[in-house]
Amino acid sequence: MKRVIIDCDPGNGIAGANTDDGLAIALALASPALSVELITTVAGNTPSDVGAQVAKDLLVRLGSAIPVVQGATQALKEDHAPWRAALDRRVQQLDMLDLWQGVRAPAPIAVDGDDAADAIGRLVCDHPGEITLVAIGPLTNVALALQRYPAMAEAVAEIVIMGGVFALDDYIKDTNFGLDPEAAHQVLHSGAAITLVPMDVTTQTLLTHQDLSRLTARDHPLCHFVRDTLRPWIDYSIRTRHLSGSWIHDVLVVAWLLNQRVASGTDYRVDIELRPGPTRGKSWRYRTPLRVDVGIPADCGALVHVLHHVDNGLLLEIIEQALTSLRR
């Protein structure tokens, strides 16, 4: 059994917020091969306190005692206000609030602390080599944990990150890295073993309404949570992105931990742009060795394993197997 921490920014039940974090949490909770030891939240898709309520409410509904600790409310340096405004208003501006009508909002339940960075650092360092960190939001909490606990980079078994975008025509940067470029840079260069799951591969995923109905056919609170909260986001994606369903970015991270045949990857040198301007937060990659005449040092960027192709059929199969095998 693999022991994991999930650092996330879930928005399930929140009008206009992406729901892929909640699906990732659901898959982890439903999988006997994973032991979720801690869930922490960061400002990103939702404010940190909102994400903590989403996660805590789900766990209470499931009768689970896994601790939920709220984390960073804003990035290390990046101004969060423009990002927050854009994320919070995207549905209102398109007049699509009706999609969330009747969706149960998370109950206001007290969480188990507000210092996610300390909770992450202590748990990893107390159990060297045993904890895998699933980072599916901006990397602020992870960067702060590495600052406070320098031994964490060596103690963590692996950090698997959903973040970055390299070659998608419609994206200069992704939300997770763009919201906190300094945190992404620090984590990439920490020396920890890292696997990166960028948007280039997660936009190869797809979940349709038909898939959702099949995957959540079991009469179980976790299936109800997934089905009820993902439906409006699929509708939103169909209307705005002209897809037949929605991308399910974050769940690929958890599925890859369960079965690495779900996605193939290659080692790259990876880094992120920190200079002011429209490309701030943009990630880039290249393979080594380089030609000696291009003028770029061979060790430029951090050496990271990057996923680049997904088997979406196998991904859906992994989710379905976990959710349909749940016990009451």
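Procedures and definitions
Residues numbered from 1 in each chain as written. Predicted model: local features only at pLDDT ≥ 70, side-chain atom pairs only at ≥ 80, totals over all residues. Heavy atoms only, no water. Axes fitted to C-alpha atoms, helices over the stretch in contact; angles between N-to-C directions. Helix = DSSP H or I, 4+ residues; strand = E, 2+ residues; numbered from the N terminus. Parallel < 35°, antiparallel > 145°, perpendicular 65-115°, else oblique. Contact = heavy atoms within 4.5 Å. Nonpolar A, V, L, I, M, F, W, Y, C, P; charged D, E, K, R; others polar. Phe/Tyr/Trp six-rings, centres within 6.5 Å; stacked < 30°, edge-to-face > 60°. Buried < 20%, exposed > 50% of the residue type's maximum accessible area, 1.4 Å probe, protein only. Lys NZ or Arg CZ within 6 Å of the ring centre and 35° of its normal. 1 Å grid on protein atoms, 1.4 Å probe; cavity = no way out; pocket = protein on both sides within 12 Å on 5 of 7 lines; lining within 4 Å. Points joined across faces, edges and corners; volume = space filled by probe spheres on them. Disulfide = S-S within 2.5 Å. Expected span 1.5 Å × (residues − 1). Polar contact = N/O pair within 3.5 Å; in protein donor to acceptor, adjacent residues only side chain to side chain. Core = buried A, V, L, I, M, F, W, Y, C linked by side-chain atoms within 4.5 Å. Salt bridge = Lys/Arg side-chain N within 4 Å of Asp/Glu carboxyl O.

Colleague: Explain the packing of helix H1 (residues 20–30) against helix H12 (residues 251–258) here, please?
Modeller: In a pair of packed helices, the angle between the axes and the distance between the axes together describe the arrangement. With their axes 7 Å apart at the nearest point, H1 and H12 run at an angle of 25° to one another. Overall, the two elements H1 and H12 adopt an arrangement that is roughly parallel. Each of Asp20, Leu23, Ala24, Leu27 and Ala28 in H1 lies in contact with H12, whose residues at this interface are Val251, Val254, Ala255 and Leu258. Residues that form the contact of H1 with H12 fall into these classes: eight nonpolar, no polar and one charged.

Colleague: Teacher, can you tell me more about the packing of aromatic side chains here?
Modeller: Inspection of the entire model under this criterion finds three aromatic pairs. On the basis of an interplanar angle of 35° and a centroid distance of 4.8 Å, the ring pair of tryptophan 233 and tyrosine 236 is categorised as tilted. Here tryptophan 233 pairs with tyrosine 236, and both are found in helix H11 (residues 221–241), just three residues apart, close to one helical turn. Tyrosine 236 sits in the buried class, given a relative accessible area of 6%. Both rings, one in tryptophan 284 and one in tyrosine 286, keep their centres 5.9 Å apart while their planes meet at 10°; by these two values the pair is stacked. An aromatic cluster is defined as three or more aromatic residues linked by ring pairs; in this entry it consists of Trp100, Trp233 and Tyr236. The ring of tyrosine 268 is capped by arginine 285, whose NZ or CZ atom sits 4.5 Å from the centre of that ring.

Colleague: I tried to follow unusual backbone geometry on my own but got confused; where do I start?
Modeller: Most of the time, phi is negative for any residue but glycine, and the peptide bond is trans. Phi is positive for histidine 242, close to 60°, though the residue is something other than glycine. Along the chain, histidine 242 falls in the loop between H11 and H12. Overall, the relative accessible area of 70% leaves histidine 242 in the exposed class.

Colleague: Got a minute to help me understand the layout of surface pockets in this structure?
Modeller: To locate leftover empty space, one rolls a probe as large as a water molecule over the atoms. Empty space within the largest pocket amounts to approximately 550 Å³. Lining the largest pocket are 23 residues, with Arg90, Tyr171, Thr175, Met199 and Arg241 sitting closest to its centre. Mapped onto the lining of the largest pocket, the elements with two or more residues apiece are H1, helix H3 (80–93), helix H7 (175–179) and H11. The leading source of residues in the lining of the largest pocket is H3, at three residues. In terms of residue class, the lining of the largest pocket is made up of nine nonpolar, five polar and nine charged. In this structure, the second largest pocket occupies an estimated 300 Å³ of space. Together, 13 residues line the second largest pocket, and Leu29, Ala30, His220, Leu326 and Arg327 are the ones closest to its centre. For the lining of the second largest pocket, the elements supplying multiple residues, two or more each, are H1 and H11. For the lining of the second largest pocket, the per-class residue count stands at seven nonpolar, four polar and two charged.

Colleague: Sorry if this is basic, but what is going on with the state of the cysteines here?
Modeller: Two cysteines, two sulfur atoms, one covalent bond between them: this is a disulfide. Applying the stated criterion to the full structure yields zero disulfides. We note that cysteine 8 lacks a disulfide partner, and the nearest cysteine sulfur, in cysteine 223, lies 19 Å from it.

Colleague: Hey, could you run me through helix H13 (residues 312–324) in this one?
Modeller: The end-to-end C-alpha separation of H13 is 18 Å, in line with the 18 Å expected for 13 residues at 1.5 Å each. Among the residues of H13, Asn312, Leu314, Leu315, Leu316, Ile318, Ile319, Ala322 and Leu323 are the ones counted as buried. Buried positions along H13 lie against H1, helix H10 (209–215), H11, H12 and strand E9 (302–310). Its side-chain oxygen placed 3.2 Å from the backbone nitrogen of glycine 313, aspartate 311 serves as the N-cap of H13.

Colleague: Can you help me understand the nonpolar core in this one?
Modeller: Note that soluble globular proteins tend to have their nonpolar side chains buried in a common cluster. Counting 56 residues, the largest nonpolar core has Ile6, Ile39, Val262 and Ile319 as the members making the most contacts within it. If sequence neighbours within four positions are ignored, valine 262 has contacts with Leu252, Ala255, Trp256, His309, Val310, Asp311, Leu314, Leu315 and Ile318. Among the nonpolar cores identified, the runner-up in size contains 38 residues, and Ala117, Val142, Ala184 and Leu188 belong to it.

Colleague: Explain the packing of helix H2 (residues 48–62) against H11 to me, please; I cannot follow it from the model alone.
Modeller: Viewed as axis vectors pointing N to C, H2 and H11 meet at an angle of 145°, and their least axial separation amounts to 9 Å. Contacts between H2 and H11 involve Leu58, Arg61 and Leu62 from the first element and Pro221, Leu222 and Phe225 from the second. Per-class residue counts for the contact of H2 with H11 are five nonpolar, no polar and one charged.

Colleague: Explanation requested: the pattern of salt bridges in the structure shown.
Modeller: Close approach of charged atoms lets side chains of opposite charge pair. Here the structure, examined in full by the defined rule, presents 13 salt bridges. Among the salt bridges present, the one from aspartate 57 reaches arginine 61, with a minimum N-O distance of 3.7 Å. A residue pair is termed a helical-turn pair when its members lie 3 or 4 positions apart in one helix, as aspartate 57 and arginine 61 do in helix H2 at four residues. The partly exposed category is assigned to arginine 61, whose relative accessible area is 32%. Salt-bridge contacts for aspartate 57 lead to arginine 104; the nearest nitrogen and oxygen are separated by 2.6 Å. Of this pair, aspartate 57 sits in helix H2 while arginine 104 sits in the loop between H3 and helix H4 (116–126), and the two are 47 residues apart along the sequence.

By themselves, these are just geometric observations and shouldn't be taken as functional.
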